[in-house]
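Chain by chain, the residues run as shown.
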Amino acid sequence: MVDETLIVPGQEVYFMAAFTISLENGSYDKLDNFDSFDVIVLGGGPAGIAASTTAAEKGHRTLLIERLGFCGGAAVSGMSGTICGLYNSVEDPEAAQPQQIIFGFAERMRRALDIENGLTPPQIYGKTWVATHDCATYKKVATDLLRTAGVNILYHTEMVDVVMEDKTICGLILHTRSGFCKVRGKRFIDCSGDADIIFRSGLTTTKGNNGVIQNPSMMFKVGNVDVGRYLAYWGSDTISPPKVVDKLEKRKELIRKKVWLFPTVNPGEVLVNGTKITGFDGRALDVTNPVDHSEAEQFSIYQAKEFFKFLKEEIPGFTNAYFIDYAPEVGVRQTRTISGVDTLINNDVVTAKKRKDSIARSSWPIELHYGSKPKTEWLIDDYYDVPFGSLVPSEGHNIIVAGRCLSAEHEALASCRVTAQCFEYGRAAALATDVSLSANLNYQKIDGNQIADLMHDEGYSEGGLIF
Ligand SMILES: Cc1cc2nc3c(=O)[nH]c(=O)nc-3n(C[C@H](O)[C@H](O)[C@H](O)COP(=O)(O)OP(=O)(O)OC[C@H]3O[C@@H](n4cnc5c(N)ncnc54)[C@H](O)[C@@H]3O)c2cc1C
């Protein structure tokens, strides 16, 4: 038995012993080859899929570590369900055609999902559009990309600690079904969403607005919906119309009063983003606390079922619907963010700030889930740029982040965290890692303009769609 209280950075002898025991048992032959990598990516969400695929395609020996048995992160395990952030925002989407504003890896995923019939055409969401993905197809497409690129994958493996030498991260401690082991790496890309490597390394992280973070949601899917009838009542906007909000206001048992519904690629199937998850006592939860996280999962069960009851009773087309399933886990929007060499601030978003060191454009609104009605603040006919430096922690030489844990102020994060942009953060982190390895540079020394140029040359905009 392993005493978990012994898990502290630097106890290499202990961890090597655990590793050796595993090898003696004969079950770690493969893991023996996993001892040292050029690039280690933690987390197989949108950012991690893009980062590890791109790093491996650049010729680096890359390991992807994921605690679950599949990739997709919140987009699959949380069934978050749509690719947001692909398109522009306009005053009246009914009278306009969507224009895609971000390409690169986001376009690669969009196209791959589309080819496999796993993505809807653009659907109106307020003043922009989204495309709803099928989670099974997402898993398949991600697996194809990672395997074709030659990424080494460790599923069912959790990173539980870091090994530091002279303030430099040189390895990670992993927990597997056969015990603990250690992997070494030259560069680390933290795509855990929670900035787990950064946190375990003792580097600075913050949480939301003075610790107040957005609420989680439990997504679920419903089958046998008369989609024609429901759309005739609901309208073409996936966001609830005022008459539905009025009905929700009358339901005391439902704590969220503005919701989204997405018809999927499967006939009669609707994805429901309709819950707000708190504690049973109504308190805001912080899911980095396992007690809060466990309570979130339990509270989710009841809120989702109550919302399904509401749909059946109140929304035309749902009378004969059945509950397909909850998402595998509660969807987490926000936990820790890093303190970066640059930070996307709220004002950058609302003033549509453009930057030379841009790694991604975004026209997604500030979509802040706090209170009974999520707040959406739109950026019409414009976009802002996300700076490269928001991925680079101000301390720690050989680590970079990608995804929703980037350095951003609270409301800015509520805009820039969506998946089209997360794909591009992953690609940018991998391109920067390529530069860091080949020029032997700390991430802090890398010129953001150079990464912006590489992003553009390798598929950033319409003009540069090169794969
Ligand atoms: C309810 C909800 C609805 C949403 N709706 C949409 C939407 O419609 N469209 C959209 O584009 N975005 C949506 N989002 C946002 C989007 O899903 C996330 O922001 C995005 O998935 C973040 O990507 P990521 O790669 O940064 O992290 P994540 O998707 O969170 O992935 C992180 C991965 O790291 C793994 N991991 C974490 N720690 C460890 C560890 N220590 N060891 C091993 N593995 C680890 C996790 O298992 C996970 O797979 C939604 C989010 C939520 C919660």
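All of these numbers come straight from a predicted model, not from anything done at the bench.

Participant: Hey, could you go over the packing of helix α4 (residues 104-115) against helix α12 (residues 419-439) for me, with residue numbers and the actual values?
Facilitator: In a packed pair of helices, the relevant descriptors are the angle between the two axes and the axis-to-axis distance. Put simply, α4 and α12 touch, their axes get as near as 7 Å, and they point 125° apart. Comparing their axes, α12 and α4 come out oblique. In the packing of α4 onto α12, the handedness of the crossing is right-handed. Residue-level inspection shows Gly 104, Phe 105, Ala 106 and Met 109 of α4 in contact with α12, the latter providing Ala 420, Phe 423, Glu 424, Gly 426 and Arg 427. The residue makeup of the contact of α4 with α12, split by class, is 5 nonpolar, 2 polar and 2 charged.

Participant: Please provide a residue-by-residue account of the site of the ligand, values included.
Facilitator: Around the ligand, a shell composed of 42 residues is seen, among which Gly 43, Gly 45, Gly 73, Gly 331 and Gly 403 lie nearest. Looking at the shell around the ligand, the elements that each hand over two or more residues are α3 (46-57), β3 (82-83), β7 (158-165) and α12. Here the shell around the ligand gets 3 residues from one element, more than from any other, and that element is α3. Each residue belonging to the shell around the ligand can be placed in one class, and the counts come to 16 nonpolar, 18 polar and 8 charged.

Participant: Break down the domain arrangement of the protein for me, with residues and values.
Facilitator: Under the domain assignment used here, the protein contains domain 1 (1-73 + 135-208 + 337-467) and domain 2 (75-134 + 212-326). Elements supplying a minimum of two residues to the side of domain 1 that touches domain 2: α3, α5 (135-149), β16 (358-362) and α12. Of the residues contributing to the side of domain 1 that touches domain 2, the split by class is 26 nonpolar, 16 polar and 10 charged.

Participant: Can you lay out the sheet that holds strand β13 (residues 270-273) for me, pointing to particular residues and giving the numbers?
Facilitator: Strands sit in the order β12-β13-β11-β14 across an open sheet of 4 strands; the sheet is antiparallel. Strands at the two margins of the open sheet, each flanked by one partner only, are β12 (260-263) and β14 (322-326). The sheet shows a mean angle of 25° between the axes of neighbouring strands, direction not considered. Alignment of strand β11 (residues 220-223) against β13, held across 3 bridges, turns out to be antiparallel.

Participant: I'd like a rundown of the confidence of the model for the protein, residues and numbers included.
Facilitator: When pLDDT is averaged across the protein, the result is 91; 91% of the residues are at 70 or more. Residue range residues 1-33 is modelled with pLDDT below 50. Its contacts to residues more than four positions away, or to other chains, number 37 contacts. Low pLDDT, under 50, characterises residues 460-467; the stretch is placed with 16 contacts to residues that sit more than four places away or in other chains.

Participant: Describe in detail the packing of α4 against α5, supporting the description with residues and values.
Facilitator: At their nearest, the axes of α4 and α5 sit 10 Å apart, and the two run at 120° to each other. Relative to α5, the element α4 lies oblique. By crossing handedness, the relation of α4 to α5 is classed as right-handed. Contact residues: α4 offers Met 109, Ala 112 and Leu 113, while α5 offers Thr 137, Tyr 138 and Val 141.

Participant: Help me get a handle on the sheet that holds β3, residues and values and all.
Facilitator: Spatially, β3-β5-β4 is the arrangement adopted by the 3 strands of the open sheet, whose pairing is antiparallel. One side of each edge strand has no neighbouring strand; the edge strands of this open sheet are β3 and β4 (123-125). Strand direction decides the pairing type here: β3 and strand β5 (residues 128-132), joined by 2 bridges, are antiparallel. By the bridge assignment for β5, Thr 82 is matched with Thr 132.

Participant: Residue-level account of helix α13 (residues 448-457), with values.
Facilitator: Those residues of α13 that sit buried are Gly 448, Ile 451, Ala 452 and Met 455. The arc that holds every buried residue of α13, seen down its axis, measures 105°, which confines them to one face. Those residues of α13 that are buried are in contact with α4, β16, β19 (384-387) and α12.

Participant: With reference to specific residues and values, describe α5.
Facilitator: An ideal rise of 1.5 Å per residue puts 21 Å on 15 residues; α5 measures up with 21 Å between its terminal C-alpha atoms. Cys 135, Tyr 138, Val 141, Ala 142, Leu 145 and Leu 146 are the residues of α5 that are buried. End-on, the buried residues of α5 take up no more than an arc of 125°, which puts them together on one face. Opposite the buried face of α5, by more than 90 degrees, sit the exposed residues Arg 147 and Thr 148.

Participant: Hey, could you go over the environment of Thr 337 for me, with residue numbers and the actual values?
Facilitator: With respect to the secondary-structure elements, Thr 337 resides in strand β15 (residues 337-338). The class of Thr 337 is buried, set by 29 C-beta atoms lying within 10 Å. Thr 337 sits 76 residues away from Leu 413 along the chain, and the two C-alpha atoms are 9.0 Å apart. Once residues lying within four places of it in the same chain are set aside, the contact partners of Thr 337 are Ala 195, Thr 205, Thr 206, Cys 405, Leu 406, Ser 407, Ala 408 and Leu 413.

How each quantity is defined
Residues numbered from 1 in each chain as written. Predicted model: local features only at pLDDT ≥ 70, side-chain atom pairs only at ≥ 80, totals over all residues. Axes fitted to C-alpha atoms, helices over the stretch in contact; angles between N-to-C directions. Helix = DSSP H or I, 4+ residues; strand = E, 2+ residues; numbered from the N terminus. Parallel < 35°, antiparallel > 145°, perpendicular 65-115°, else oblique. Left-handed = near helix turned anticlockwise from the far one by under 90°. Contact = placed C-beta atoms within 7 Å. Nonpolar A, V, L, I, M, F, W, Y, C, P; charged D, E, K, R; others polar. Near = placed C-beta within 6 Å. Domains from an automatic or database assignment. Pairing = 2+ DSSP bridges. pLDDT = per-residue confidence, 0-100. Buried ≥ 20, exposed ≤ 12 C-beta atoms within 10 Å, placed from the backbone. Arc of directions from axis to C-beta. Expected span 1.5 Å × (residues − 1).

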